[in-house]
Amino acid sequence: MFSNLSNIVQRAQQLIDPTQGLNLSNSDRNPSKASLFQSQFRLPSSQTPLYEINAELTIPPSNSTRGDPDHDRGWHYAGKLHLSEAYMCFSTTPTSFTQSASTSTSSAFTGQTNGSGPSGSGFTFPLCAIRRVERLNSQNFQFALAITTWNGLLADASKPRDGSGSNKNVREQRITIHLAGTRQACERFCDGLKRGLRAGVGNVGKLRKVVAECYSEHLLRTDDKANVSPPDAGLGMAFRYPGDPKKLRDRAKMRLWAEYLRDNGRNMMLIRQPTFHKLIRVGLPNRLRGEIWEVTSGSLYLRLENPTLYTDTLAKYKGQESLAIDEIEKDLNRSLPEYPGFQSEEGIGRLRRVLTAYSWVNADVGYCQAMNIVVAALLIYMSESQAFFLLSALCDRLVPGYYSTTMYGTLLDQKVFESLVEKTMPILWEHLVKSDVQLSVVSLPWFLSLYINSMPLVFAFRVLDVFFVEGPKVLFQVGLAILRINGEELLDAPDDGAFISVLKSYFARLDESAHPKSENPKLRAVTRFQELMVVAFKEFSGVTHSSITELRLKNKDSVLNNIESFAKRTAIRNLGPDSKLLSPEELGSLYDRFYNVLYERQQRDRMIQEELKRQAKTSRLRASEILATTAPNEVEKGRVGLGPSTSLMDYDAFREFLAGMSKWAISDSSANGGEAKYYGAKKVPDTMSPWGNGPEPAEHEFLQRVFNKWDVDGSSALTLQNVVTGIARIKGKKDIMGTITYFFELYDDDNDGKVDREGILRISEALLFLSRRGLEGTLSPGASSIGLNGDISASDSQGSLPPEISTNERFLGSISAFIRRCFEYADPDHPKNQDGQDFGTSTSDEDLMVDPNTFAIGDDEDDEEEEEEEEEDLLALEKSPPGTPTKAKKTANLLSPNEESFDGASTDNESRRRVSKAKAEAANAALDPAHPLHITLPTFRMVVLADEILEQFFESSFPTSLHIIEGLQAPSSSYYGPSLTTFSNLGFSTRSQAQAQSGPMGGGRGLRGVLDNIVTDGMRVATEVRRRMEEAQRELEKNALPSQRTEDDEDDDDDVGVAVGVRKGASTDIERRSVMSTDRDLLDGADAQAGSGAASKGPGHDHNLLEVDTAAGRRRANSASTTGGSAVLEFEG
Amino acid sequence: MAEAPKPSSSVKLVLLGEAAVGKSSLVLRFVNNDFQENKEPTIGAAFLTQKCNLPTRTIKFEIWDTAGQERFASLAPMYYRNAQAALVVYDITKPTSLVKARHWVAELQRQASPGIVIALVGNKLDLAGESQSTSDEGEGEDGGDARKVSTEEAQAYAEEESLLFFETSAKTGHNVTEVFTAIANAIPETSLKSARGSGAAGTANRAGEEQRVNLSGPRDAGAKDGCAC
Ligand SMILES: Nc1nc2c(ncn2[C@@H]2O[C@H](COP(=O)(O)OP(=O)(O)O)[C@@H](O)[C@H]2O)c(=O)[nH]1
Ligand SMILES: [Mg+2]
């Protein structure tokens, strides 16, 4: 809700005064400053510091202090007044959150809370809690505001009181603030305030609702208290609060608090004075404890933001189950079981609901053991809804990462604690090291359960009282004090066990006198717990939020690395049987690559988002003002060690993943020209490439097929397990039959053991795609060149094949032979052939297909037998005369994925004519779409094995091309330079030959001619085939073929290929980006409207905008005349 | 506990295994000879000690019973660090728990102290058909054989990895002390720190140490006697 308001406010600011931008920048939302601001005042993350100004706060004298000469005229505090979208905060802590403020002033960790909580004196007023703001008549150059709040006027909405006057017992809360700044600055602040106040008016209802759950409202009631049931102040109301109230002096504390709240405002309207902090240090009274925790932790403001979130969540997920719920259920009976409230269904029910609701709203955390104990403790003092929001303040801000799935926060703070012990108690530390006691096995539960499970409850709650106001450093201070106090005994403890029992007996005696033998009765009265508090906060006062922050930063990497290496070991071990096909090194690399890609993509996404925001700002801000607006605290998001980021790889990430290992997976357009062409034009900086510093991955139908195959559960995302299994099948078996089968299955869409004509063409395209940067692996040049020369010379009508050609060039020939053979040995798709189809209809091949079933099984065990047969098959095959031109023609199809191949020299008309059309068609009866056909796996194998180069492709080139461990070294142009990777010159550039592994420099003119033939003729045939197929297709009402084909045809028709596919994929990104950067205003508006539409009703929103607009107009009109005028603005909600 | 002359040494032992396989129950059976729903909230790991009298010496086990939830697994290195023995527990009615156990064995072999003695323990034997008679309480487990992991399979794996192997029931107490005795016997004399924990100053604090020690809380469990082995 407030975030919507903030949008409105910002938008309004732009509308009102374009020059506002300049001023706005002064305190604009620098993310890191904003988060400092939020943590200083414990505000929700929707709040950003908009304005700040030096000011003096005057609190009028109270009843109790009247007559005290020092405070006859009230109290005065000098400090800073801050304004955010929905809050006005004052603090005597000299922090500044303006853009220009130095980090040290933004994080001026002084005062009790050291910047991690509401420190010093002051207030944090939601703007909706302000009822009236008047500008006071005062002396020259003085700019003073009198602020009246709703304090005491909100309770009991059913019996509306007419203003403050009628209720004589409620003293109107009215404070005065003198602004100290230039007149202009003061005016500006007031304008901001005015807008915020207007926007806040609508929230008075919410405020009323939230406040009604605060016990203070009941406590300070002046009328008919007896007839009204008090708000829920926790299970303690029904089951008694822990401890002896007499011993705790609960009544006295309650009286003190009642007085304090009467004088200084309650809940939202509470003003902090030094007494406030003192009252907290002595321990909160039972019935107010929950409310004060809410106020100090800031969870009260979360509740104000969305008062019904808790009940809504429960309603929304009613009846649903989850892993977290199962885990919660197991622990319900062991959460503070000694407290009577948790021996009852009432208490257990509350605990169950709060934990469950939280596990739904924060699925990343879900449920972590120890949360049950913490929440159980909270529920003794507060309502379910209050506990729910306090839990969220804990998990998000107070102890971040403690309960995450990796518990990195817990481990990190243990490291921090250890280094503090080492620093402050070197002798003890040395002893720990010497006796091999690991401190964290003792201290981890202290932190994880906030001492609730370590000390007797009454004392644990005293620690919590301070913890909620002063932040996590309290946990460290108390821990250090425990060790310091028990230092002597601990030095004598030789091992874990002894260490633990020393501390255990210490905790059990916290209520005893710390100086039982002292003569001084006062000293004798000091309990061990009081001693602990004194030591913690006096002796270890040097442990501040900033020193903790520093140590956290220092240790973060090593902690995360430990977690990550543990997670990696675990993940790899759990990868299942397929993973055994790969070496541990390969698995390790796959793991790293997998998560690196995900991590980097996440980072990049975030940076792109930020860049967009920055660009959006640029249009209204000076460049100098938007420098250095990074958010260091968020940089790490997505690291494995931080818990669940994503562990799923989508298709684009998959492409990027492959492009890091295999050169064929890199786009042809990516090197130099590509990016400039696609991104440069949009003026997107280099860092904004969706692929980061890496090369742009290729896009090809083959990749899509592999992705789909690996995505076994069809979720459009791959897990690490999917990836490992997928790669293990290709690379792990080191078995050519397996790889061939794998490839075949990739194209057997309906799993019927047949690949149709279209599939054959696509397989050839894939083979070309995979080989277009040259083949890798061990190819025995001697053997293959013999086999190949035979093949190619036969296919070459000119007969001018040079003796030396590279493997890559030969591979081209092999592919065309492949197509030819596929069609040659394909089986017609005819019903009457159904039963006999595997035996084929080709004349000479009866014996080739003798035992198709053996082939079909295709498992390792059968291989030996099969291979023998296949060798015979091969012999037979070699004898069969190749249909020469056919082969050449088919090749062209293969080339279609490469756009360049079409607009390059392929337009050589002369060479195109070299093979006559008639000849081609004659040999291409198989291509007639009127006669559908298919190949089976045995046929496919036979065809592959008939060609030595193809055989070696499947045996070694393809598996080797996945460089799992070493990756692609120097990602320089030599790897993905455009000329290398395409057939744009209808031949191979010198670079490509250098690239070729078997690399004899060959080619030359003659070869080029051959390739020209192959390509140009093939292209023509391909077009023809496509055309005819389309005709046939049309007749078959289009659904005869997979729908995917239609798309691809469009690509082909448009004379574009793979490169276009890539461009298409990327262009959506670009569009999004450019739109956002150029049309910022529109988008901001849409954003604002969409946002507010979700929360408040449309008309209301419009109304608000209007109001603000009017206000703007009025402000202009007034600004000149109101110098020292009376009421600036008056709200009576 | 004053068997004066026998040398005494302490052994750090860690229990690992999937949640709910019965780690805590095994420890409770060993330490207190008791079987009950665990009321003790375990944060990180519970620490307990128990003595084991061998003919020639006394072994004092310092037992770390690690927490059940999966996410606490990343804390495990903290507890198995320097452990001389480990009980890797699975549930014979749950095959996935053996997979997890294998993981822990591999983890320990790679990350823990080199000489660590590992025992693979298949718990909840009382749920297996053949030992049906022993489950006197008849907890309404379908009555049939709930065993899903065969003794042979686990045994073969244990032999392959040179692990001690036992099938136990924390519920009936079957084989529980045997596991610990076997571990005590398997710890090489040389790896025993002489009388770790019998230091002069330590003894004073150690009264009542053979109890369940909740490492974080003031609440005591009942005292018990030394182990029967
Ligand atoms: N039938 C049977 N149940 C057992 C046995 N050991 C433990 N359990 C039950 O299994 C559940 C989990 O036991 P617990 O000791 O908490 O497991 P942990 O998470 O490994 O510590 C509890 O309900 C126990 O009662 C056993 O030997 N037999
Ligand atoms: Mg347990």
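Residue positions are given per chain, counting from 1 as you read along its sequence in written order. All chains are assigned letters beginning at A, and all ligands numbers beginning at 1, according to the order in which they are written. Thresholds applied to this predicted model are a pLDDT of at least 70 for local features of residues and 80 or more for the giving and counting of side-chain atom pairs; totals over whole chains, interfaces and linings are not thresholded and use all residues. The side-chain numbers reported here are obtained from all heavy atoms of the structure, hydrogens and water having been left aside.

## Topic: the overall build of chain A
Within chain A, the secondary structure is distributed over 54 helices and twelve strands. Only protein chains enter the area calculation, which uses a 1.4 Å probe; residues under 20% of their type maximum are buried, those over 50% are exposed, and those in between are partly exposed. Taking all 1133 residues of chain A together, the buried fraction comes to 59%. Throughout, a residue-residue contact means that at least one pair of heavy atoms, one from each residue, lies within 4.5 Å. A separation of at least 24 residues holds for 78% of the contacts in chain A among residues at least 6 apart in sequence. Accessible surface computed for chain A: about 45,000 Å², of which carbon and sulfur atoms make up 52%. Numbering of helices and strands starts at the N terminus; helices are DSSP runs of H or I of at least 4 residues and strands are runs of E of at least 2. Only the protein chains shown count as cover for residues, and the accessible areas themselves come from Shrake-Rupley with a 1.4 Å probe.

## Overview of the overall build of chain B
A count of helices and strands for chain B gives six helices and seven strands. Along the chain direction, N to C, the helices and strands of chain B fall in the order β-α-β-β-α-β-α-β-α-β-α-α-β. A burial count over chain B gives 55% of its 229 residues as buried. Long-range pairs, those at least 24 residues apart, make up 72% of the contacts in chain B with a sequence separation of at least 6. For chain B, the exposed surface amounts to about 9,200 Å²; the carbon and sulfur share of it is 51%.

## Details of the site of ligand 1
Residue and element names in this part refer to chain B. In this text, near means that some heavy atom of the residue lies within 4 Å of the molecule or strand in question. Residues in contact with ligand 1 amount to 17 residues; listed here are only the nearest, Ala-20, Lys-23, Ser-25, Asp-126 and Ala-170. Counting of polar contacts relies on pairs of N or O atoms within 3.5 Å, with two restrictions inside protein: one atom must be capable of donating a hydrogen and the other of accepting it, and residues adjacent in sequence are counted only when both atoms are side-chain atoms. Between ligand 1 and Ala-20, the relevant distance is 2.8 Å, taken from an oxygen atom to a main-chain nitrogen or oxygen of the residue. At 3.0 Å from an oxygen atom of ligand 1 is found a main-chain nitrogen or oxygen belonging to Gly-22. For ligand 1, whose unbound accessible area comes to 570 Å², protein coverage reaches 84%.

## What about helix α21 (residues 426-434) of chain A?
All names here are of chain A. Listing the buried residues of α21 in full gives Leu-428, Trp-429, His-431 and Leu-432. Buried residues along α21 cover an arc of 160° about the axis, so they all sit on one side. Residues of α21 that are exposed and point more than 90 degrees away from the buried face comprise Ile-427, Glu-430, Val-433 and Lys-434. The secondary structure elements touched by the buried residues of α21 are α20 (408-424), α22 (439-448), α24 (473-485), α25 (487-492) and α26 (496-508). The arc in question is the one spanned by the directions pointing from the helix axis to the C-beta atoms.

## Looking at the UniProt feature "domain: Rab-GAP TBC" (unreviewed entry) in chain A
Here, UniProt's "domain: Rab-GAP TBC" (unreviewed entry) annotation points to residues 283-471 of chain A. End-to-end, the C-alpha atoms of residues 283-471 of chain A are 16 Å apart, and along that stretch the chain is 68% helix and 0% strand. UniProt positions are given in the numbering used here, feature names are shortened, and annotations may be inferred rather than shown by experiment.

## Here we look at the nonpolar core
Ranked by size, the top nonpolar core spans 162 residues in total, and within it A:Tyr403, A:Met455 and B:Leu120 carry the most contacts. The two domains that each donate at least three residues to this core are domain 2 (233-398) and domain 3 (403-569) of chain A. Nonpolar core, defined: a set of buried Ala, Val, Leu, Ile, Met, Phe, Trp, Tyr and Cys residues in which side-chain atoms within 4.5 Å join the residues together. If you look at the next biggest cluster of nonpolar residues, it comprises 77 residues, including A:Met649, A:Trp664, A:Phe811 and A:Phe823. How far each domain reaches was decided by an automatic or database domain assignment.

## Topic: unusual backbone geometry
Residue and element names in this part refer to chain A. Despite not being glycine, Arg-249 shows a phi value in the positive range, around 55°. Its place among the elements puts Arg-249 in the loop between α10 (245-248) and α11 (250-264). Given the relative accessible area of 58%, Arg-249 is considered exposed.

## Regarding the packing of aromatic side chains
Residue and element names in this part refer to chain A. In this scheme Phe, Tyr and Trp rings, the latter by its six-membered ring, pair at centre separations within 6.5 Å, and the angle between planes marks the pair as stacked below 30 degrees, edge-to-face above 60, and tilted otherwise. Counting across every chain of the model gives 56 aromatic pairs over all chains. With 6.0 Å between their ring centres and 75° between their planes, Trp-664 and Phe-702 make a pair best called edge-to-face. Here the residue Trp-664 occupies a position in the loop between α31 (651-659) and α32 (673-678), and Phe-702 occupies one in helix α33 (residues 701-710), the gap between them amounting to 38 residues. Any Lys NZ or Arg CZ that is within 6 Å of a ring centre and within 35 degrees of that ring's normal is treated as a charge sitting over the ring. The ring centre of Tyr-742 lies 4.7 Å from the NZ or CZ of Lys-709, which sits over that ring.

## Digging into the domain arrangement of chain A
Residues and elements named next belong to chain A. Annotation of chain A at the domain level lists domain 1 (28-64 + 72-157 + 171-213), domain 2 (233-398) and domain 3 (403-569). Taking only C-alpha atoms into account, the centre of domain 2 sits 24 Å from that of domain 3. Domain 2 puts 31 residues into the contact, and the matching count from domain 3 is 24 residues. With both chains or domains summed, domain 2 and domain 3 bury close to 2,300 Å², and 73% of this area falls on carbon and sulfur atoms. Here the buried area means the combined drop in accessible surface, using a 1.4 Å probe, for two parts upon being joined, counting both sides. Contact with domain 3 buries surface across domain 2, with Arg-281, Trp-293 and Leu-398 losing the most and accounting together for 25% of the total. For salt bridges, the criterion is a side-chain nitrogen of Lys or Arg within 4 Å of an Asp or Glu carboxyl oxygen. At the boundary of domain 2 and domain 3, one finds two salt bridges. In this structure, Arg-281 and Glu-470 form a salt bridge, with 2.7 Å as the shortest nitrogen-oxygen distance. The interface formed by domain 2 and domain 3 contains five residue pairs in polar contact (both at pLDDT 80 or more). Elements with a minimum of two residues in the side of domain 2 that touches domain 3: α10, α12 (274-281), α13 (286-297), α18 (371-381) and α19 (384-398). The dominant element in the side of domain 2 that touches domain 3, judged by the number of residues it contributes, is α18, at seven residues. Classification used: nonpolar for Ala, Val, Leu, Ile, Met, Phe, Trp, Tyr, Cys and Pro, charged for Asp, Glu, Lys and Arg, polar for all others including Gly. Partitioned by chemical class, the residues of the side of domain 2 that touches domain 3 number 21 nonpolar, six polar and four charged.

## Digging into the pairing of strand β5 (residues 117-123) of chain B
Residue and element names in this part refer to chain B. Judged by how many residues are buried, β5 sits mostly within the fold: seven of seven residues are covered. In this scheme, strands are said to pair when DSSP sees at least two bridges between them. The pairing of strand β4 (residues 85-91) with β5 spans seven bridges and is parallel. Paired with Val-88 across the bridge in β5 is Leu-120. With its strands directed away from the observer, a crossover is right-handed exactly when the path from the first strand over the helix to the second travels clockwise. Between the parallel pair β4 and β5, the chain is carried across by helix α3 (residues 95-111), and the sense of this crossover is right-handed.

## What about the pattern of salt bridges?
All names here are of chain A. Under the definition given, this model contains 41 salt bridges over all chains. The partner of Lys-568 in a salt bridge is Asp-592, and the shortest N-O contact between them spans 3.0 Å. Of this pair, Lys-568 sits in helix α29 (residues 545-573) while Asp-592 is found in helix α30 (residues 584-618), placing the two residues 24 residues apart along the sequence. Residue classification places Asp-592 among the partly exposed positions, given a relative accessible area of 33%. Salt-bridge contacts for Asp-578 lead to Arg-729; the nearest nitrogen and oxygen are separated by 3.3 Å. Of this pair, Asp-578 sits in the loop between α29 and α30 while Arg-729 is found in helix α34 (residues 720-732), placing the two residues 151 residues apart along the sequence. In the salt-bridge network here, residues are joined through shared partners; they are Arg-131, Arg-132, Glu-134, Glu-172 and Arg-174.

## What to know about the confidence of the model for chain B
All names here are of chain B. In predicted models, pLDDT denotes the confidence assigned by the predictor to each residue on a 0 to 100 scale. Per-residue pLDDT for chain B has a mean of 79; in total, 72% of the residues score no lower than 70. This model gives residues 131-141 a pLDDT under 50, and the stretch forms twelve contacts once residues within four places in sequence are excluded. Across residues 195-228 the pLDDT falls below 50, and counting only partners more than four positions away or on other chains, this stretch makes 83 contacts in the model.

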